[in-house]
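The primary structure of each chain is shown beneath.
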Amino acid sequence: MKRVYNFSAGPAVLPEPVLQQAADEMLCYKDTGMSVMEMSHRSKAFETILDEAIADLKQLMNIPDNYKVLFLQGGGHTQFAMVPMNLMRSGSADYIITGEWAKKAYAEAKKYGTPRKLATSEEASFSYIPDCTNLDVNPTADYVYICENNTIYGTKFPVLPNTFGKVLVSDMSSCILSEPIDVSKYGLIYAGAQKNIGPAGTVIVIIREDLIKEDVFPGTPTMLQYKIHADKNSLYNTPPTYGIYICGLVFKWLLNLGGLEEMKRRNVEKASILYDFLDSSKLFKGSVAKKDRSLMNVTFNTGNKEMDELFINASLEAGFENLKGHRSVGGMRASIYNAMPLDGVKALTAFMVQFEKEHAL
Ligand SMILES: *Cc1c(COP(=O)(O)O)cnc(C)c1O
């Protein structure tokens, strides 16, 4: 069967060469005579997979030496709790609420102290990113929290907030590795792998070393302490071994194609095709403020629920999967992560042009 163009927000499309290599190595990884899935996490072969994945990610993102890379489990949702349990030691933190995921992270943080809502765009259905240049940051806040790319709404912070020197924590689940960033501006970055990196079940945490502390919220489970995992190089217990292996293959794929500068160029090219069409279309329009548009999740609609539904059904028949918007917002969403080929975006745009010809009044 032919592979479809999969615009899923997550779990999402993976690079075909990575899937092919994983298939080739499925039964026998190199000279081990076994699959990576069957290997001890304490074996030499797996140790190399893990160490290379960390080194390759550090190279790709230009991660400074005073940061640790951790491969954990529990998805983004576990980070909603781990961040405050480990970092909110004075009991306060400031959250910028730009979508469902930030909102959930904020609600979770309330269990471990008294975080504040520093800014929000909820009054406008999260269709833009608030101006974060001069917010009233709490002098006692342990960190300022953002969800940098809002997967559901299709917005992204055009610039980082001014935290007035406070530690910045960023949920980068749906934009990590989409373009170069300056890691030194962050205290902690985390990302579930299933959006822009690899399979579900692995979450990557990049944390500045001075934030890794023994002093955590009383009663924090051992498995939810960054220090436990950092001290053991993510091998405190059995890590998500196969997920780490696939993430490692994706890192090598990115390095081979030229790293994040080249990835950004490709992502801008892809997103521009769709956004330019949306801006000229009589039928479709983009769903969020232009200045805050995401490179990864392109949200759009026709302004008419029945027409949206007609489009989604027609797109499915034409071989474009998962264009339906998140259940909380409706409309359409094309997630065009790193692994979505340019041809997929061109084909979708051509399909939209044709659909418009047939349906515009
Ligand atoms: C998908 C997503 C989450 C939730 O991740 P889970 O792994 O399902 O817990 C959190 N934040 C962002 C930005 C996401 O896109």
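Please refer to the structure higher up on the page.
Since this is a predicted model, take the numbers as computed values, not measurements.

K.L.:
Pulling in residues and values, what's your account of the overall build of the protein?
P.N.:
Along the protein, the regular secondary structure elements total ten helices and 14 strands. For the protein, the C-alpha radius of gyration of 21 Å lies close to 21 Å, the compact-globule estimate for 361 residues. In terms of overall dimensions, the protein has a C-alpha envelope of 65 × 55 × 30 Å along the principal axes. For the protein, with 361 residues in total, the buried portion stands at 55%. Partitioning the intrachain contacts of the protein with sequence separation of at least 6 by distance along the chain shows that 68% fall at a separation of at least 24. Counting 38 positive and 41 negative side-chain charges, the protein places the centres of these two groups 3 Å from one another.

K.L.:
Outline the nonpolar core, listing residues and values.
P.N.:
In this structure, M61, F71, L177, I206, F251, F284 and F311 are the most contacted members of the largest nonpolar core, which totals 87 residues. If one sorts the elements of this core by residue count, helix α7 (residues 241–256) sits on top with ten residues. In this structure, this core is formed jointly by two domains, domain 1 (17–257) and domain 2 (259–359), each of which donates at least three residues. With sequence-adjacent residues up to four places away left out, F311 is seen in contact with F284, F300, L323, M332, L348, F351, M352 and F355. Listed in part, the 35 residues of the second largest apolar core include V83, M85, Y145 and C147.

K.L.:
Mind laying out the sheet that holds strand β12 (residues 297–301), listing which residues take part and the relevant values?
P.N.:
Strand order in the open sheet formed by three strands is β11-β12-β14, and the pairing between neighbours is antiparallel. Each edge of the sheet is formed by a strand with only one pairing partner; in this case those strands are β11 (285–286) and β14 (332–335). When β12 meets β14, the two strands line up antiparallel, connected through four bridges. The residue of β14 that forms the bridge with F300 is M332.

K.L.:
Can you tell me about the side chain of S173, naming the residues and giving the values?
P.N.:
Secondary-structure assignment places S173 in the loop between β8 (167–171) and β9 (188–192). When near neighbours in sequence (up to four residues on either side) are disregarded, S173 contacts Y190, A191, G192, K195 and N196.

K.L.:
Pulling in residues and values, what's your account of α7?
P.N.:
An ideal rise of 1.5 Å per residue puts 22 Å on 16 residues; α7 measures up with 23 Å between its terminal C-alpha atoms. Among the 16 residues in α7, 13 count as buried, and that is most of the element. Just past α7, the residue G258 takes up positive phi, approximately 120 degrees.

K.L.:
Give a description of a nonpolar patch on the surface that names residues and reports values.
P.N.:
Among the surface-exposed residues, M26, L27 and M37 lie close enough to one another that they form a single nonpolar patch of about 320 Å² accessible area. In this fold, L27 is placed in the loop between α1 (16–24) and α2 (44–61).

K.L.:
Explain unusual backbone geometry residue by residue, including any values.
P.N.:
In this structure, P11 follows G10 across a cis peptide bond, with omega equal to -10 degrees. Of note, P11 is situated in the loop between β1 (5–6) and α1. Of note, F126 is a non-glycine position whose phi angle comes to about 55 degrees, a positive value. In the Ramachandran plot, S234 falls in the positive-phi region, its phi being about 65 degrees despite a non-glycine side chain. Structurally, S234 can be placed in the loop between α6 (226–231) and α7. Assessed through its relative accessible area of 2%, S234 is described here as buried.

K.L.:
Report on empty space enclosed by the protein, specifying residues and quantitative values.
P.N.:
The full count for this structure, using the stated rule, is one cavity of 30 Å³ or more. Space inside the largest cavity adds up to approximately 60 Å³. Lining the largest cavity, in full, are V13, P15, K195, N196, I197, V250, W253, L254, Y337, N338 and A339. Residue assignment for the lining of the largest cavity shows that the elements contributing at least two residues are α5 (193–196) and α7. Here the element with the most residues in the lining of the largest cavity is α7; it accounts for three residues. Along the lines of polarity and charge, the residues of the lining of the largest cavity split into eight nonpolar, two polar and one charged. Composition of the lining of the largest cavity by domain shows at least three residues from each of domain 1 (17–257) and domain 2 (259–359).

Analysis parameters
- Residues numbered from 1 in each chain as written.
- Predicted model: local features only at pLDDT ≥ 70, side-chain atom pairs only at ≥ 80, totals over all residues.
- Heavy atoms only, no water.
- Helix = DSSP H or I, 4+ residues; strand = E, 2+ residues; numbered from the N terminus.
- Rg over C-alpha atoms; globule rule 2.2 N^0.38 Å.
- Buried < 20%, exposed > 50% of the residue type's maximum accessible area, 1.4 Å probe, protein only.
- Contact = heavy atoms within 4.5 Å.
- Lys, Arg positive; Asp, Glu negative; His and termini not counted.
- Charge placed at Lys NZ, Arg CZ, Asp CG, Glu CD.
- Core = buried A, V, L, I, M, F, W, Y, C linked by side-chain atoms within 4.5 Å.
- Domains from an automatic or database assignment.
- Pairing = 2+ DSSP bridges.
- Expected span 1.5 Å × (residues − 1).
- Patch = residues over 30% accessible without salt bridge, like charges linked within 9 Å, V, L, I, M, F, W, Y side chains within 5 Å.
- Areas by Shrake-Rupley, 256 points an atom, 1.4 Å probe, with all protein chains shown as cover.
- Salt bridge = Lys/Arg side-chain N within 4 Å of Asp/Glu carboxyl O.
- 1 Å grid on protein atoms, 1.4 Å probe; cavity = no way out; pocket = protein on both sides within 12 Å on 5 of 7 lines; lining within 4 Å.
- Points joined across faces, edges and corners; volume = space filled by probe spheres on them.
- Nonpolar A, V, L, I, M, F, W, Y, C, P; charged D, E, K, R; others polar.

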